[in-house]
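Take a look at the letters that make up each chain.
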Amino acid sequence: MPSSEMNRRSFLWMTLGVVVTPIPRTSFFSLKPSGMPLAEIGATPGVPPEPYQFPKDFNWGTATAAYQIEGAWNEDGKGESIWDRYAHTVGNIKGATTGDVACDSYHRYKEDVALMKAMHVNSYRFSISWPRIQPTGTGVPNQKGLDYYSRLVDALLEAKIRPLATLYHWELPQALDEKGGWTNRDLAGYFADYSGIVAKALGDRITNWAIFNEPWIFTALGYFMGIHAPGHTSTPEFIRTTHVVNLAQGQSFRAIKAARPNAKVGTAFNMSASEPKTSSEADVAAAERYHAFRNLWFIDPAVKGEYPKILADRFPPEALGVQTGDMEITKVPLDFFGINYYNRSIVADADNWESLHLTSTEGKQGPKTEFGWEVWPDSFHDLLLRISRDYNQPVIEITENGCGYGDVPDEHGRVSDQRRTDFYRAYIGAVARAIKDGANIRGYHAWSLMDNFEWAEGYTQKFGLAYVDFRNQKRTIKDSGKWYGNLAATGKLS
């Protein structure tokens, strides 16, 4: 493997928190021995979560994404997306599967709303497919696409479920990829136009909007590593795309507010708690660099009108493609921070990459989900408090949190998935602790409502509160979904 490719891979694993080098089993943090039963892990390692009564107005929700559940990939005027093209290319997806049908929610959305109603949730975070609204990414909107989402929103409201719509969950129209995708500065304007169209059409019933889902992930995995659509592998492209996305975030915010001044607008940022490997000054500084790049790269341009200062000498404006007046465009007063959270990262100073000078591994002390992610809810609590402290107690929505376990129905049709229930009890316990400690958290959305198409993993990972038999599309609420439903109905964690 050429050295340039090794640098690219090392950098991505470093920033995603995937193992690059082994780390000692002890550090100055209080660590839980590996192999501890999941049921014993609480919001603090080894301590079960304390009983807690959530506020009556707390939003209990589930989350999905259009490509992962809708299917109907070429129906009713929908255009091709980069994920349609990517999934149809042999070798990109495990099992050579696609999202062509997925959960068939385009036709079965009423069943899905009924699932949520049975779970007593009062909030649903879903995404809108850009090419379903504008088949080529520009021009006159496709009315049939707007009508579909209008029917979905009406069904949610009838069930007394709040719609929280994400405008971009990775479905770039293929026609715009052929114009340069997110490396093309014009995309910021195209995306703002699309945002305005959707806000005008649906904003009479949708108040809460997330502009992007996980901008760090779709830029890094799509333009740097090539393991997500559109499959590019260029460091300069990746860095430039992050700036175009920040421009688009600012322009989209303004377009939504212009169409619907009372809208509440944020973004769903994926975050990983950054913990230094040791208490050395070098490791602590490296963890701060990681935190800035991994967690703040799309927040600071909005909140402060600048990229994190700690990285200013490592990513100069010319590398990002910053032009005069750009940072005034990126700066917008987000109404809330959406936080997607799955795992923590242990960071050390290292001389393995010229820009960030650090190495990162996933935590290894807690048990692992079947997807290989460590279960360590205390890090979730700590991150929530840090964001709250550093950004003057912003409104926070937990827009995703969940776990992959492959439990299937038994001979009686029951899906007993105690590990998932234990996971949610622990992580929601961490949310409860954060609220008690002063964080302004107004909602929690479990990932996911049901098993679905998990991007490059195809159908090999099951994150749902409901099991889906993809042979006949039958939905079955798992034991974890019943537990979550009881929590949503009572607000009482015990």
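Procedures and definitions
- Residues numbered from 1 in each chain as written.
- Predicted model: local features only at pLDDT ≥ 70, side-chain atom pairs only at ≥ 80, totals over all residues.
- Heavy atoms only, no water.
- Helix = DSSP H or I, 4+ residues; strand = E, 2+ residues; numbered from the N terminus.
- Buried < 20%, exposed > 50% of the residue type's maximum accessible area, 1.4 Å probe, protein only.
- Contact = heavy atoms within 4.5 Å.
- Areas by Shrake-Rupley, 256 points an atom, 1.4 Å probe, with all protein chains shown as cover.
- Lys, Arg positive; Asp, Glu negative; His and termini not counted.
- Salt bridge = Lys/Arg side-chain N within 4 Å of Asp/Glu carboxyl O.
- Polar contact = N/O pair within 3.5 Å; in protein donor to acceptor, adjacent residues only side chain to side chain.
- Axes fitted to C-alpha atoms, helices over the stretch in contact; angles between N-to-C directions.
- Parallel < 35°, antiparallel > 145°, perpendicular 65-115°, else oblique.
- Left-handed = near helix turned anticlockwise from the far one by under 90°.
- Nonpolar A, V, L, I, M, F, W, Y, C, P; charged D, E, K, R; others polar.
- pLDDT = per-residue confidence, 0-100.
- Expected span 1.5 Å × (residues − 1).
- Bend = angle between axes of the 7 residues up to and from the residue.
- Core = buried A, V, L, I, M, F, W, Y, C linked by side-chain atoms within 4.5 Å.
- Pairing = 2+ DSSP bridges.

K.L.:
Explain the overall build of the chain here, please?
P.N.:
Looking only at helices and strands, one finds 17 helices and 13 strands in the chain. Every one of the 494 residues in the chain was classed for burial, and the buried ones make up 61%. Sequence separation of at least 24 residues holds for 77% of the intrachain contacts in the chain that already meet a minimum separation of 6. Here the chain has roughly 18000 Å² of accessible surface; of this, 51% comes from carbon and sulfur atoms.

K.L.:
I keep staring at the side chain of E454 and nothing clicks. Help me out?
P.N.:
Its location among the elements puts E454 in the loop between strand 10 (441-447) and strand 11 (466-469). For E454, which is buried and forms no salt bridge, the nearest opposite charge comes from R420, at a distance of 8.9 Å. Here the side chain of E454 touches Q68 through a polar contact of 3.5 Å, side chain to side chain. Excluding residues that lie within four positions of it along the chain, E454 makes contacts with Q68, W447, Q461 and F463.

K.L.:
Honestly, the packing of helix 6 (residues 143-158) against helix 8 (residues 186-202) in this entry has me stumped. Any pointers?
P.N.:
Any two packed helices are characterised by how steeply their axes cross, that is the angle between the axes, and by the distance between the axes. The interhelical angle for the contact between helix 6 and helix 8, taken along N-to-C directions, is 50 degrees, at an axis separation of 10 Å. Between helix 6 and helix 8, the interaxial angle falls into the category oblique. Note that helix 6 runs across helix 8; the crossing there is right-handed. Packed against helix 6, whose contacting residues are L146, Y149 and S150, the element helix 8 presents I197, A201 and L202 at the interface. Residue classes in the contact of helix 6 with helix 8 are distributed as five nonpolar, one polar and no charged.

K.L.:
Explain the environment of G366 to me, please; I cannot follow it from the model alone.
P.N.:
Turning to its location among the elements, G366 is positioned in the loop between strand 8 (358-362) and helix 15 (377-390). A relative accessible area of 4% places G366 in the buried class.

K.L.:
I'm lost on the side chain of Q461 in this one. Help?
P.N.:
Structurally, Q461 can be placed in the loop between strand 10 and strand 11. Take Q461: its relative accessible area is 11%, and that puts it in the buried class. Not counting residues up to four positions away in its chain, the partners in contact with Q461 are E370, F371, N452 and E454.

K.L.:
Teacher, can you tell me more about the confidence of the model for the chain here?
P.N.:
Do not read the fine detail of predicted coordinates wherever pLDDT is low. Per-residue confidence for the chain averages 91 on the pLDDT scale, and 90% of its residues sit at or above 70. Below a pLDDT of 50 lies the segment residues 1-36, which in the model reaches 91 contacts outside its immediate sequence neighbourhood of four places, other chains included.

K.L.:
Explain helix 10 (residues 235-259) here, please?
P.N.:
Turn by turn, an α-helix covers 3.6 residues, leaving residues three or four places apart pointing in a common direction. Compared with the 36 Å implied by 1.5 Å per residue over 25 residues, the 36 Å span of helix 10 between its first and last C-alpha is a close match. Backbone nitrogen of E237 and a side-chain oxygen of the N-cap are separated by 3.2 Å at the start of helix 10; the cap is S234.

K.L.:
Help me understand helix 4 (residues 105-118), please; the structure alone is not making it clear to me.
P.N.:
The end-to-end C-alpha separation of helix 4 is 17 Å, well short of the 20 Å expected for 14 residues at 1.5 Å each. Of all the bends in helix 4, the largest measures some 35 degrees and sits at E111. Once helix 4 ends, the next one or two residues include H120, with phi positive near 65 degrees.

K.L.:
Teacher, can you tell me more about the nonpolar core here?
P.N.:
One recurring pattern in soluble globular proteins is that nonpolar side chains are buried together. One finds W182 and W209 to be the most contacted residues of the largest nonpolar core, which totals 140 residues. Looking at which element gives the most residues to this core, the answer is helix 16 (residues 418-436), with ten residues.

K.L.:
How do you make sense of the packing of helix 9 (residues 215-225) against helix 10 when you look at a structure like this?
P.N.:
Close contact between helix 9 and helix 10 brings their axes to 8 Å; oriented N to C, the two are set at 150 degrees. Overall, the two elements helix 9 and helix 10 adopt an arrangement that is roughly antiparallel. Helix-helix and strand crossings are classified by hand; for helix 9 and helix 10 the assignment is right-handed. Contact residues: P215, W216, F218, T219, A220, Y223 and F224 in helix 9; T235, E237, F238, T241, T242 and V245 in helix 10.

K.L.:
Would you explain the pairing of strand 7 (residues 336-349) in this entry?
P.N.:
Looking along a regular strand, one sees side chains alternate from face to face of the sheet. The element strand 7 is extensively covered by neighbouring structure, given that 13 of its 14 residues are classed as buried. Pairing of strand 6 (residues 264-276) with strand 7 involves ten bridges; the strand directions are parallel. Following the sheet pairing, A268 is matched in strand 7 by G338. Direction of pairing for strand 7 relative to strand 9 (residues 396-401): parallel, over a ladder of five bridges. Looking across to strand 9, one finds that N340 is bridged to E400.

K.L.:
Explain unusual backbone geometry here, please?
P.N.:
Excluding glycine, most residues fall at negative phi; most peptide bonds, likewise, are trans. A229 connects to P230 through a cis peptide bond whose omega is 10 degrees. When you line up the elements, P230 lands in the loop between helix 9 and helix 10. For A72, which is not glycine, the phi torsion reads 45 degrees and is therefore positive. Locating A72 in the fold gives a position in the loop between helix 2 (66-69) and helix 3 (82-87). You will see that H120, though not glycine, has its phi angle at about 65 degrees, which is positive. Mapping H120 onto the fold places it in the loop between helix 4 and strand 3 (123-127). For H120, a relative accessible area of 45% translates into the label partly exposed.

K.L.:
Would you explain the pairing of strand 2 (residues 59-63) in this entry?
P.N.:
Most of strand 2 is tucked away: five of the five residues are buried. Pairing of strand 2 with strand 10, which is carried by five bridges, proceeds in the parallel orientation. What sits directly across from A63, in strand 10, is W447.

K.L.:
Just to check I follow, could you spell out the environment of D349 for this structure?
P.N.:
Structurally, D349 is set in strand 7. Once the C-alpha coordinates of D349 and T278 are considered, the two residues, 71 residues apart in sequence, prove to be 9.7 Å apart. Setting aside residues no more than four positions away along its own chain, D349 makes contact with A282, D283, A286, R289, H357 and L358. Among the polar contacts made by the side chain of D349, one reaches the side chain of H357 at a distance of 3.0 Å.

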